[in-house]
Amino acid sequence: MALVPLSRIAMARSGDKGEGSNVGVIARSDAAYRFLKRELTSERVRQHMRAINHGPVKRHEADNMRLLNFLLHDSLGGGGSASLKTDAQGKTHGLALLRLVLDVPPDILEATPAP
Amino acid sequence: MKKREPVLVANGQGFWGDSLLGPIRLVREGPLDYLTLDYLAEVTMSIMQKQRARKPDAGYATDFVRMLERVMPELVKKNIRVVANAGGVNPQACMKAVLAAIEKQGIRGVKVGIVEGDDILGQLDELLASGEKLANMDTGAPLSSVRASVTSANVYMSAFPIAEALDQGAQIVITGRGTDPGLVLGPLIHEYGWKKTDYDLLAAGTVAGHIVECGAQCTGGNFSDWQRVPDMARIGYPIVEAYADGSFVITKHAGTGGVIDLATVTHQLAYEMGDPRAYLGPDCSADFTSFALEQEGKDRVRVRGVRGHKPTDTFKVSISYEDGWKAVGQLTISGPDALAKARLCAEIVWKRLELDGCKYADSEKLVEFVGANVCHAGIESAERNDPGEVVLRLGVKGRDKERIERFGYELVPLVTSGPPGVTGFAGGRPHATEIIGFWPALVSKPRITPKVTVVSAGGS
């Protein structure tokens, strides 16, 4: 097993959704997608983002795009123009999640081209 | 009539404030049938209602008219049709300005159409009286709790009225509020005669519209692997190459910068996504897990197999209301000990305000040390020690404007009455600005009547 950031095996796009944000995590390979479906749970994401998101996290899946979509329900300090935060739209939340360090088996790393 | 295939529909404006070059380059740098442009955000509608209240012929996107002035002769020569939600809360005034701009260039016979009926600000009480709840979709609260502060109310309209304006020969179609994907779906309904029950086809047009609705966000902009995106300065804006069977290719003009591949397209498909199985719109519910993506050439991604379902019997309504005041200001604080001094500065500001009887609750104030991991707070791998400088950002919000305004007086004084190395007070004292609350709601479809009007520039 090797400790690597999530960015080694996945990409991400985030944006605002009402008073929360969504983070779409896109696996870089089929093997990485299977691994992430198992390991990257809503609870794990909630823990990692707990200083940013103060609400629950819900996960949706889209196998056709190797996509795990996470909804962070309270991550903007109030929605729309009510937020005082620099990142009032959650534009940087994808990169924040990609910093998550994971223990990834070597066969999955081998099957997943690095960026 | 024989259908033309494919039809090329581009998006040259992803949001209010997008680059002016997007639409101009799309017209000039390659073939195109339709140019779509998105000028509206939730906050925009509220601002436009205020502009209109002060000046009856204001309340639309004036950028749109200026852009048309630059490219109008080319649009006519190449017979490119334009669909834009530039009408804001005053599509009629926008049409008048567009007609005047066309006539000024000596061009005659160009038809301009508008779609109205989305603006229900004047009908709110009538709708409430008739039994429409217009409750907040997120909280369930009744509209009566903010009714007196409402500043705008607009329905996310169907794409069919856009198609109707095109059917009537409009070369330029101006709408108020509609869905962003609808700007692309409208032309496809017009071209291919898709019916209201063709849910798979309507969903295909919706998915295509979603992919291009944020402009360059599907061609390599805001992309994880940014290092491999070539020539970002001249990034190409996206084009949907659409076919009658609902399949389409996402592409861009040859020679432009950026990249279109499975990864860049998937990034945009994930943007602002909720449940991918049920992407709800006024004309259908699209299933984003149903289709297949395929790279079929350089900068060409084909999408096929989109499935859709019957829409709900309500339209989404975007309501905005006055929701208090806020002020945010910043200072730059140099090292050594930048972060420690910034923390001291923040403490001084709050204490001095308190000395004058102005105390803010934790939920009313913000402290950020930009440069010391603000965006990725609490994530260990991002924590850094002793940055060369930090930007101290302080903010407050609340109902009482005077209390919010008072805060602004205590920031800049730190330059002379705080620790050393405090600078960067550009912009001067922060002032209270209005917070616009956003109230998503639903309204029964039969209550809403779209109105399509088409007229000719300089007479017909």
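Residues numbered from 1 in each chain as written. Chains lettered and ligands numbered in written order. Predicted model: local features only at pLDDT ≥ 70, side-chain atom pairs only at ≥ 80, totals over all residues.

A.B. asks: Explain the sheet that holds strand β10 (residues 285-287) of chain B to me, please; I cannot follow it from the model alone.
C.D. replies: Strand pairing within a sheet occurs via backbone hydrogen bonds; the two strands may be parallel or antiparallel. All names here are of chain B. Reading across the sheet, the three strands line up as β9-β10-β13 and stay open at both edges, with antiparallel pairing between neighbours. One side of each edge strand has no neighbouring strand; the edge strands of this open sheet are β9 (279-280) and β13 (307-309). Here β9 runs beside β10; their pairing, made up of two bridges, is antiparallel. From the neighbouring strand, L280 faces β10, where its bridge partner is S285. (Pairing = 2+ DSSP bridges. Helix = DSSP H or I, 4+ residues; strand = E, 2+ residues; numbered from the N terminus.)

A.B. asks: How should the packing of helix α6 (residues 160-167) of chain B against helix α7 (residues 182-192) of chain B be read in this particular structure?
C.D. replies: In a pair of packed helices, the angle between the axes and the distance between the axes together describe the arrangement. Residues and elements named next belong to chain B. Where α6 meets α7, the axes come as close as 8 Å, and the angle between the chain directions of the two elements is 50 degrees. One element, α6, and the other, α7, form an angle in the oblique class. When you trace α6 past α7, the crossing you get is right-handed. Counted together, F160, I162, A163, L166 and D167 of α6 and G182, G186, P187, I189 and H190 of α7 form the full contact between these two elements. Grouping the constituent residues of the contact of α6 with α7 by class yields six nonpolar, three polar and one charged. (Axes fitted to C-alpha atoms, helices over the stretch in contact; angles between N-to-C directions. Parallel < 35°, antiparallel > 145°, perpendicular 65-115°, else oblique. Left-handed = near helix turned anticlockwise from the far one by under 90°. Contact = placed C-beta atoms within 7 Å. Nonpolar A, V, L, I, M, F, W, Y, C, P; charged D, E, K, R; others polar.)

A.B. asks: Got a minute to help me understand the interface of chain A and chain B in this structure?
C.D. replies: Reports often express the size of an interface as the amount of accessible area lost when the parts come together. Facing the 36 residues of chain A at the interface are 43 residues of chain B. At the level of elements, β2 (10-17), β3 (20-27), β4 (57-62) and β5 (67-72) of chain A are the ones that each hand at least two residues to the side of chain A that touches chain B. For the side of chain A that touches chain B, the element with the highest residue contribution is β2(A), accounting for five residues. Of the residues contributing to the side of chain A that touches chain B, the split by class is 15 nonpolar, 13 polar and eight charged.

A.B. asks: Whenever I open this one, the nonpolar core confuses me. Can you help?
C.D. replies: Soluble globular proteins tend to pack their nonpolar side chains together in the buried interior. Core analysis: the biggest nonpolar cluster contains 140 residues, and A10(A), V25(A), I26(A), L97(A), V173(B), I174(B) and V207(B) have the highest contact counts within it. Top contributing element to this core by residue count: helix α8 (residues 199-212) of chain B, with nine residues. Grouped together as the second largest cluster of nonpolar side chains are 15 residues, L331(B), A338(B), L392(B) and L411(B) included. (Core = buried A, V, L, I, M, F, W, Y, C linked by C-beta atoms within 7 Å. Buried ≥ 20, exposed ≤ 12 C-beta atoms within 10 Å, placed from the backbone.)

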